[in-house]
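Residue-level listing of the chains:
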Amino acid sequence: MASDRVHAALPVPPNQSEEENKEEEKTFGNIFAELESVDLPLGTTIRSIYDDQPNAHKRFMEKLDARIRNHDREIEKMCNFHHQGFVDAITELLKVRADAEKLMGQVTDTNRRLQEAGREVTAQTEEVIRCRIQQRNMATTVEKLQLCIPVLEMYSKLKEQLESKRYYAALKTMEQLEKVFIPRVSQYRFCQIMAENLPRLREEIKDISMSDLKDFLESIRKHSDKVGETAMRQAQQHRTFNSAVAKQASMGHYTKPVYSLNGRTHTHSHNGLMMDDDTGDEEEADEEVLTAQDLVDFSPVYRCLHIYTVLGDRETFESYYRKQRKKQARLVLQPQANMHETVEGYRRYFNQIVGFFVVEDHILHATRGLVTRAFTDELWNMALSKIIAVLRTHSSYCDDPDLVLELKNLIVIFADTLQGYGFPVNRLFDLLFEVRDQYNETLLKKWALVFREIFELDNYSPIPVETEEEYKLVVSRFPFHDAEIEKQDFPKKLPMSQSVPQIYTQVKEFIYASLKFSESLHRSSTEIDDMLRKSTNLLLTRTLSSCLQNLIKKPHIGLTELVQIIINTTHLEQACRYLEEFITNITNVSPETVHTTRLYGLSTFKDARHAAEGEIYTKLNQKIDEFIQLADYEWGMAESDGRASGYLMDLINFLRSTFQVFTHLPNNNNDHASMSGKVAQTACMSACKHLSTSLMQMLLDTELKQISMGAIQQFNLDVIQCELFASSEPVPGFQGDTLQLAFIDLRQLLDLFMVWDWSTYLADYGQPTSKYLRVNPATALALLEKVYRGMKDTSKKNNIFSQFRKNDRDKQKLIETVVKQLRSLVNGMSS
């Protein structure tokens, strides 16, 4: 109603209709209602006053003033209505004033007294508050210290672990500090210092563990030979034990083995360390043998591996470890320059290699992935190639068969040891076949010295046996059987010399020595038999044959020795079948087995006999040449001395005594006697032919320009002595005049000149019945020209006798005629 009254009191603007005026009144009425309300926001209402029309503000103010005046009148009416009550209230209030002042004094006094009384309480309260604050601070401090103490304790523990080199535990402590403890109190500066220090400590641990690993690698490189020596010794003991067990098993007895290759049982712990299984009883513990692994402390490797694994840098560690081990492998595989001189050099070399790969095998099985089977196989293949090359080179320098045999045994143990650790060793056993050839070569060189010494000490005389015991002793050393000799009474002689049983014994010793190398090579009996036969064949056909050939060529070996050598080789040849039986008994391989190698040493002794026979003929001819060089004919002598030349008689006497040697050989009607007789006949025929040829060459020597008939007569006397020697049967067994035929050429030539039967020679030339069938026209021509020149020279010296000059002239004419005819025959033959 008040608003309506206000609206009615306001003047109506000109030019405004009644409806517009009502609308405006309604609008301002709403605005005032909104202004007077305390719940509505006024911003929108006031904005509408200014935004509706251009003069809205002015009209609003006018209406607002009217509304205010209206409210003032209503207030005044209300105040007038309540004025008396107000006056009464003021009067009552004035009455109360005095009481209020009195009350105020009392309150002030009370306040003063209360303040004085509460001052001490306030002081006590402040002390209490301070104490409570201290208590709260202490509680907070204790709480924070309780959070910090584990951090400090863990850090102290970390320091202790580092000092005691428990790096793996230290890394675990660092991990707990970083992930659990430090984040709880990270706001404190000491924790920040700790956190900043941990990476540095990690690097220190890495460096320290890597340094320990380097020390380990250096130590293991120095002590790998000890590890390898232990492993190889255990492998050898294991091999010996298995051989003993196999032998006992074959005999029907078997006992529990008291030896194992590893010595003790190992299990793997969760961190890869090797743990000993001590579940066995005390007796078994007493029999434990330390293994190669027990000699090495592998904790630096495990520790470093675990540290790098925890630090997330395992690949770096694996790469470094493998690289260093490869370098060490190359160093281990480098042999010493003089390794081939002693077996200890080879043993140290093998020990180092075995020690290296035993360590790698342990690392392979004791860790997870530090080394792999592929890595160890790669190392082994590289090492195997180097080992084979080194052994092939150094074994070639070795000339001692005992050293080669020890090397072979070392290679076998070396191969067995590494094979026990899972490394393939077939190539090593293949290498042993090459070493076997080298061993055989050294054996052949050694036995060559043995054979030479036997031949040098032999007296080349039949073996004398005085008693039955001596005979049995010889027969026990050499398979000799001769019924005729066995029937003879003691003392008696065996046809061969002392070297024969010695040679036979040494061949058997060679077979034994060769067999030693074949042991432990994992080869069949057939292969071993084949190897023995081949090596024995080499001994016979190369070594013994060479020694025999050199012996036969030696200057001090005379005809007697050569004959004895022929007999000796015959006996050795017959003994070859006993050598074959000897090899068969060793290998238990029948000679009838397919592809079995036969002993073909028979050719050795046949060749030696042929060489000895040839040397007999050669030495005889050389001796004949020496005598002939002593010949000193006076080719211009007028008449002969009437007796044979001294050099020729000496030569004939030498031949007689020489051929007596053959007759003094054992004459037992056996093969040896017939063989010696055949050699004697051949030697005698060869000597006569050589003598005849030498005498013929003496006559036809181109340096000899002229010969007198007196010299021809003297030469004829010498040839007659040769013929007498041939007809005296210096060696029995020749039929008829076979031996005299050696001088037939000389005899017919000399008869032609002595009889001067040129007409018969020329008339019968070319006919089979010719008296001078063996005289060659060229030979006759050459000798006739020398005689012709000699006659000329003689006629000049004797020119004081005219009657001789006429005879000489007639003979000269005859000679000239014969020379022409001989030349025509020679020319006819040449054409």
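Please read all numbers here as calculations on a predicted model, not as lab measurements. (Residues numbered from 1 in each chain as written. Predicted model: local features only at pLDDT ≥ 70, side-chain atom pairs only at ≥ 80, totals over all residues. Heavy atoms only, no water.)

S.K.: Provide a residue-level description of the overall build of the chain, including the pertinent values.
M.R.: Helix and strand counts for the chain come out as 27 helices and four strands. Here the chain, with 831 residues, has 41% of them falling under the buried criterion. Considering only residue pairs separated by 6 or more positions, the chain has 78% of its internal contacts joining residues 24 or more positions apart. Accessible surface computed for the chain: about 46600 Å², of which carbon and sulfur atoms make up 52%. (Helix = DSSP H or I, 4+ residues; strand = E, 2+ residues; numbered from the N terminus. Buried < 20%, exposed > 50% of the residue type's maximum accessible area, 1.4 Å probe, protein only. Contact = heavy atoms within 4.5 Å. Areas by Shrake-Rupley, 256 points an atom, 1.4 Å probe, with all protein chains shown as cover.)

S.K.: Tell me about the pattern of salt bridges, and name the residues and values.
M.R.: Two side chains that carry opposite charge are able to pair once their charged atoms sit near each other. Under the counting rule described, the total for this entry stands at 26 salt bridges. Its salt-bridge partner being Asp-437, residue Arg-436 comes within 3.4 Å of it at the nearest N-O pair. Classification of Arg-436 as buried rests on a relative accessible area of 16%. The shortest N-O distance in the salt bridge between Arg-747 and Asp-751 comes to 2.9 Å. Here Arg-747 pairs with Asp-751, and both are found in helix α24 (residues 744–755), just four residues apart, close to one helical turn. Classification of Asp-751 as partly exposed rests on a relative accessible area of 26%. Residues joined in a network through salt bridges with shared partners are Asp-109, Arg-112, Arg-113 and Glu-116. (Salt bridge = Lys/Arg side-chain N within 4 Å of Asp/Glu carboxyl O.)

S.K.: Provide a residue-level description of the packing of aromatic side chains, including the pertinent values.
M.R.: The final tally for this structure, using the stated rule, is 27 aromatic pairs. Aromatic side chains Tyr-188 and Phe-190 sit 6.2 Å apart centroid to centroid with 20 degrees between the ring planes, which places their arrangement in the stacked category. The class for Phe-190 is partly exposed, based on a relative accessible area of 28%. Taking the centre distance of 6.2 Å and the plane angle of 40 degrees together, the rings of Trp-635 and Phe-715 count as tilted. With a gap of 80 residues between them, Trp-635 in the loop between α20 (602–629) and α21 (646–663) and Phe-715 in helix α23 (residues 709–727) connect regions that are remote in the sequence. In this structure an aromatic cluster arises from ring pairing among Phe-753, Trp-756, Trp-758, Tyr-761, Tyr-765 and Tyr-772. The ring centre of Phe-654 lies 5.8 Å from the NZ or CZ of Lys-623, which sits over that ring. (Phe/Tyr/Trp six-rings, centres within 6.5 Å; stacked < 30°, edge-to-face > 60°. Lys NZ or Arg CZ within 6 Å of the ring centre and 35° of its normal.)

S.K.: Residue-level account of the side chain of Arg-436, with values.
M.R.: Among the structural elements, Arg-436 can be located in helix α13 (residues 426–457). Residues in contact with Arg-436, not counting those within four places in the same chain, are Phe-517 and Met-531.

S.K.: Which residues make up the packing of helix α10 (residues 343–366) against helix α11 (residues 373–397), and what values do they have?
M.R.: Interaxial distance between α10 and α11 falls to 11 Å at its minimum, and their mutual angle equals 175 degrees. By the criterion of interaxial angle, the relationship of α10 to α11 is roughly antiparallel. Residues Tyr-346, Tyr-349, Phe-350, Ile-353, Phe-356, Phe-357, Glu-360, Asp-361, Leu-364 and His-365 of α10 form the contact with α11, whose participating residues are Arg-373, Phe-375, Thr-376, Leu-379, Trp-380, Ala-383, Ile-387, Val-390, Leu-391, His-394 and Ser-395. For the contact of α10 with α11, a count of residues per class yields 14 nonpolar, four polar and three charged. (Axes fitted to C-alpha atoms, helices over the stretch in contact; angles between N-to-C directions. Parallel < 35°, antiparallel > 145°, perpendicular 65-115°, else oblique. Nonpolar A, V, L, I, M, F, W, Y, C, P; charged D, E, K, R; others polar.)

S.K.: Tell me about the environment of Leu-559, residues and numbers included.
M.R.: The residue Leu-559 is located in helix α18 (residues 559–574) in this model. Counting along the chain gives 57 residues from Leu-559 to Ile-616, while the straight-line C-alpha distance between them is 5.9 Å. Among residues more than four places away in sequence, those in contact with Leu-559 are Ile-616, Lys-619, Leu-620 and Thr-658.

S.K.: How would you sum up a negative patch on the surface? Please name residues and give values.
M.R.: Together, Glu-466, Glu-468, Glu-469, Glu-470 and Glu-486 make up a region of like negative charge exposed at the surface. Per-element accounting of the negative patch gives the leading share, three residues, to helix α14 (residues 468–477). Secondary-structure assignment places Glu-469 in helix α14. Relative accessible area serves as the criterion here: at 58%, Glu-469 is assigned to the exposed category. (Patch = residues over 30% accessible without salt bridge, like charges linked within 9 Å, V, L, I, M, F, W, Y side chains within 5 Å. Lys, Arg positive; Asp, Glu negative; His and termini not counted. Charge placed at Lys NZ, Arg CZ, Asp CG, Glu CD.)

S.K.: A description of the nonpolar core should follow, citing residues and the corresponding values.
M.R.: Counting residues in each nonpolar core, the largest one holds 183 residues, and the members touching the most others are Phe-350, Trp-380, Ile-387, Phe-414, Ile-616 and Phe-715. It is α13 that provides the largest number of residues to this core, a total of 14 residues. Those residues within four positions of Phe-414 in sequence are excluded, and the remaining contacts are Met-232, Phe-350, Ile-353, Val-354, Trp-380, Ile-387 and Leu-428. Tyr-155, Cys-191, Leu-198 and Ile-307 belong to the second-largest nonpolar core, a separate cluster that totals 20 residues. (Core = buried A, V, L, I, M, F, W, Y, C linked by side-chain atoms within 4.5 Å.)

S.K.: Summarise α18; cite the residues concerned and give the values.
M.R.: Counting along an α-helix, one turn takes 3.6 residues, and residues three or four places apart therefore face a common direction. Under the 1.5 Å per step criterion, the end-to-end length of α18 is 23 Å for 16 residues, consistent within 8% with the ideal 22 Å. For α18, the buried fraction is high: 13 of the 16 residues fall into the buried class. (Expected span 1.5 Å × (residues − 1).)

S.K.: Pulling in residues and values, what's your account of helix α4 (residues 56–163)?
M.R.: Taking 1.5 Å of rise per residue, 108 residues should cover 160 Å, yet α4 covers just 94 Å from first to last C-alpha, more than 12% shy of that figure. Positive backbone phi, at 65 degrees, marks Lys-165, one or two positions downstream of α4.

S.K.: Tell me what's going on with a nonpolar patch on the surface, and back it up with residues and numbers.
M.R.: The grouping of Phe-86, Val-87, Ile-90, Leu-93, Leu-94 and Val-96 at the surface amounts to a nonpolar patch, some 550 Å² of accessible area in total. The topology assignment puts Ile-90 in helix α4. The partly exposed category is assigned to Ile-90, whose relative accessible area is 34%.

S.K.: Please give an account of the packing of helix α12 (residues 401–420) against α13 that cites residues and values.
M.R.: Between α12 and α13, the shortest axis-to-axis distance is 9 Å and the interhelical angle comes to 165 degrees. With respect to each other, α12 and α13 are oriented roughly antiparallel. Two packed elements cross with a definite hand, and for α12 against α13 that hand is left-handed. Contact with α12, carried on its side by Pro-401, Asp-402, Val-404, Leu-405, Lys-408, Ile-411, Val-412, Phe-414, Ala-415 and Asp-416, involves Leu-428, Phe-429, Leu-432, Val-435, Tyr-439, Thr-442, Leu-443 and Lys-446 of α13 and no other residues of that element. When the residues that make up the contact of α12 with α13 are grouped by side-chain class, the tally is 13 nonpolar, one polar and four charged. (Left-handed = near helix turned anticlockwise from the far one by under 90°.)

S.K.: Could you give me a rundown of unusual backbone geometry, with the residues and numbers involved?
M.R.: The residue after Phe-490, namely Pro-491, is reached through a cis peptide bond having omega 0 degrees. Tracing the backbone shows Pro-491 in the loop between α15 (483–487) and β4 (492–494). With a phi angle near 55 degrees, Tyr-460 is a residue other than glycine that sits in the positive phi range. Within the secondary structure, Tyr-460 is located in the loop between α13 and β3 (463–465). What makes Tyr-460 buried here is its relative accessible area of 6%. Positive phi values are uncommon outside glycine, yet Glu-729 reaches one of about 55 degrees. Looking at the secondary structure, you find Glu-729 in the loop between α23 and α24. Here Glu-729 falls in the partly exposed class, since its relative accessible area comes to 44%.

S.K.: Describe in detail the environment of Gln-714, supporting the description with residues and values.
M.R.: Counting through the fold element by element, Gln-714 comes out in helix α23. On a C-alpha basis, the gap between Gln-714 and Arg-643 in space is 7.6 Å, while along the polypeptide they are 71 residues apart. Beyond its immediate chain neighbours, meaning those up to four positions away, Gln-714 contacts Tyr-633, Met-637, Ser-640, Asp-641, Gly-642, Arg-643, Ala-644 and Ser-645.

S.K.: If you had to explain the confidence of the model for the chain to someone new, which residues and values would you point to?
M.R.: With 83% of its residues at a pLDDT of at least 70, the chain reaches an overall mean of 78. Below a pLDDT of 50 lies the segment residues 664–673, which in the model reaches 15 contacts outside its immediate sequence neighbourhood of four places, other chains included. The low-confidence segment residues 800–804 (pLDDT under 50) makes one contact with residues lying over four places distant or belonging to another chain. (pLDDT = per-residue confidence, 0-100.)

S.K.: Explain the state of the cysteines to me, using residue names and the numbers behind them.
M.R.: Within the structure shown, the criterion is met by zero disulfides. Cys-684 carries a free sulfur, and the closest cysteine sulfur to it, the one in Cys-688, is 4.4 Å from it. (Disulfide = S-S within 2.5 Å.)

S.K.: Give a description of the environment of Arg-609 that names residues and reports values.
M.R.: Along the polypeptide, Arg-609 turns up in helix α20. Classification of Arg-609 by relative accessible area gives buried; the value is 13%. C-alpha of Arg-609 to C-alpha of Thr-569: the two residues are 40 residues apart in sequence and 6.7 Å apart in space. Excluding residues within four positions of it along the chain, Arg-609 makes contact with Ile-566, Thr-569, Thr-570 and Glu-573. Of the polar contacts made by the side chain of Arg-609, one reaches the side chain of Glu-573; its length is 2.6 Å. (Polar contact = N/O pair within 3.5 Å; in protein donor to acceptor, adjacent residues only side chain to side chain.)

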